[in-house]
Amino acid sequence: MKREYYCPCCGLFFWHNQYQQNGERIECVGAQCPNPECESQEAPSDYMLFAVDTFGFAYFAEANKEDIDSKKWSSPKYAPENAIEIYRKQGFKIV
Ligand SMILES: [Zn+2]
């Protein structure tokens, strides 16, 4: 099951598969910004990351609307095609 995340550090919206099959077991995998150029790569635990479907993100987005609007971007590398279509309509930078 994929979940949408936002990295406030580089402005990337990406989709992360929370559960991965490992042999017979299903493991829950924590999300981390997948952008190799993101500053958070150096110390991921020092940076915030939001699951977009949470209240935490809703409040954050409300308070930081302009910042998010100026930084928001995504890429077919990090998000499914149907999400990219929606992002495009919402004025995201797509790379
Ligand atoms: Zn990032």
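Quick caveat: nothing in here was measured; it's all calculated off a predicted structure.

When helices and strands are tallied, the protein chain shows three helices and seven strands. Ordered by position in the sequence, the α and β elements of the protein chain form the string β-β-β-β-β-α-α-β-α-β. Dimensions along the principal axes, computed over C-alpha positions, put the protein chain at roughly 45 × 30 × 30 Å. Within the protein chain, counting contacts between residues at least 6 apart in sequence, those at least 24 apart form 42% of the total. Of the roughly 6,400 Å² of accessible surface on the protein chain, a fraction of 50% belongs to carbon and sulfur atoms.

Before going further, it helps to examine the packing of aromatic side chains. Under the definition given, this model contains twelve aromatic pairs. Measuring from centroid to centroid gives 5.9 Å for Phe13 and Tyr87, while their planes differ by 55°, and the two rings are tilted. In this pair, Phe13 is assigned in strand 2 (residues 12–17) and Tyr87 in helix 3 (residues 81–89), connecting sequence segments 74 residues apart. By relative accessible area, Tyr87 is classed as buried at 3%. Taken together through their ring pairs, the aromatic side chains of Tyr6, Phe13, Phe50, Phe57, Phe60, Tyr87 and Phe92 make up a single cluster.

Rules and cut-offs
- Throughout, residues of each chain are indexed from 1 in the direction in which the sequence is written.
- Reporting in this predicted model follows two pLDDT cut-offs: at least 70 for local features of residues, and 80 or more for side-chain atom pairs to be given and counted; totals over whole chains, interfaces and linings ignore these cut-offs and use all residues.
- Each side-chain value is worked out from all heavy atoms of the structure, with water and hydrogens disregarded.
- Secondary structure elements are defined from DSSP: runs of H or I of at least 4 residues count as helices, runs of E of at least 2 residues count as strands, and each element is numbered from the N terminus.
- What makes two residues a contact is simply this: any of their non-hydrogen atoms within 4.5 Å.
- Per-residue accessibility takes into account occlusion by the displayed protein chains alone, with areas from the Shrake-Rupley method and a 1.4 Å probe.
- Pairing of aromatic side chains here covers Phe, Tyr and the six-membered ring of Trp, requires ring centres within 6.5 Å, and sorts the geometry by plane angle: under 30 degrees stacked, over 60 edge-to-face, intermediate tilted.
- With a 1.4 Å probe rolled over the protein chains alone, any residue whose accessible area is under 20% of its type maximum counts as buried; one over 50% counts as exposed, and the rest are partly exposed.

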